[in-house]
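# Results of the structural survey
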Amino acid sequence: MQHRLFVGIDPPDPVKAQLLALMGGVSGARWQTDEQLHLTLRFIGEVDSRQANDIADALASLHHPAFDLELNGIGLFDRRGIPNALWVGVRPHEAVTALHHKVNQTLARAGVEPERRAYLPHITIARFGRGAGPADAFIATHGGVTSPPFRVDSLCLYESQLTADGSVYTIVERVRLG
């Protein structure tokens, strides 16, 4: 059996509520649900059950201090100039980037190839298909979004199942930091 996995941070409920309150006003956007909101530390992809267990075991041994993050600004990802995702950034980058590197090292010990792409910590709030309206007004209105600091004291191993209605994310394992 194959498992589509990624490692991420599950934001606390008040942060999710703030993000959900922002959503709306961009025609054709597929807004994320409460259960879909996360900050990806590392996408793993398809693995078999044996490797999924090895990954969970490796992550359980990860040691990293807890830290504080806060929401900071809005951005847009595009593919060849066509917007495909709207996201909210976080700061400070150094804290979450250090955890990203530690997760990468831990996953390498479980046989997962190292991540080659540049890492930009963010929480995706909407995805765009063909014909989605422009997000300029949304970004102009909400681009300065911030939040009080929130504690990151765990990371999660998620399983992602693709459905006709979008991805369904299930937390498989939660690893305490600190």
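What you see is a predicted model; the values in this text were computed from it and never measured.

In the structure shown here, the tally under the stated rule is nine salt bridges. Between Glu115 and Arg42 there is a salt bridge, with the nearest N and O atoms lying 3.4 Å from each other. Pair noted here: Glu115 is in the loop between helix H3 (93–109) and strand E6 (122–128) and Arg42 is in strand E3 (residues 39–48), with a separation of 73 residues, a long-range link. The class for Glu115 is partly exposed, based on a relative accessible area of 21%. Because the salt bridges share partners, they merge into one network encompassing Asp10, Lys16, Asp34 and Arg174.

Here helix H1 (residues 13–22) has its buried residues at Val15, Lys16, Leu19 and Leu22. For H1, the buried positions fall inside an angular range of 115° around the axis, keeping them on one side. Residues of H1 that are exposed and angled more than 90 degrees away from the buried face: Asp13, Pro14 and Ala21. In the core, the buried residues of H1 are packed alongside strand E4 (67–79), strand E5 (82–91), E6, helix H4 (136–142) and strand E7 (150–152). Positive backbone phi, approximately 130°, marks Gly24, located one or two places after H1.

Looking now at the environment of Thr163. Within the secondary structure, Thr163 is located in strand E8 (residues 154–163). Between the alpha carbons of Thr163 and Val145 there is a distance of 31 Å; along the sequence they are 18 residues apart. Within the structure, the side chain of Thr163 is placed 2.5 Å from the backbone oxygen of Gly166, a separation counted as a polar contact.

This next bit is on the pairing of E5. Looking along a regular strand, one sees the side chains alternate between the two faces of the sheet. Summarising burial for E5: seven of the ten residues are buried, a large majority. Note that E4 and E5 share eight bridges and pair antiparallel. The partner of Arg79 across the bridge, within E5, is Ile82. Remark: two residues form the turn of the hairpin made by E4 and E5, two consecutive strands paired antiparallel; Arg80 in that turn has positive phi of roughly 55°. Relative to E6, E5 is paired through five bridges, and the arrangement is antiparallel. Looking at E6, one finds that Leu86 is bridged to Ala126.

Conventions we followed
Numbers given to residues run from 1 along each chain, matching the order in which its sequence is written. The predicted nature of this model means local features are confined to residues of pLDDT at least 70 and side-chain atom pairs, given and counted, to a pLDDT of 80 or more, with totals for whole chains, interfaces and linings taken over all residues. Side-chain calculation: all heavy atoms of the structure are included, whereas hydrogens and water are not. Put simply, a salt bridge is a Lys or Arg side-chain nitrogen that is within 4 Å of an Asp or Glu carboxyl oxygen. Here a strand is any run of E in DSSP of at least two residues, a helix any run of H or I of at least four, and the numbering for each starts at the N terminus. Three labels apply to residues, based on accessible area from a 1.4 Å probe with only protein chains included: buried if under 20% of the type maximum, exposed if over 50%, partly exposed otherwise in between. Arc definition: it is the arc formed by the directions from the helix axis to the C-beta atoms. It only takes one pair of heavy atoms within 4.5 Å for two residues to be counted as in contact. Polar contacts, as counted here, are pairs of nitrogen or oxygen atoms within 3.5 Å of one another; within protein the pair requires one atom able to donate a hydrogen and one able to accept it, and residues that are adjacent in sequence qualify only if both atoms are side-chain atoms. Whether two strands pair depends on DSSP finding at least two bridges between them.

Note that every value here comes from positions in space, so none of it alone points to a role or purpose.
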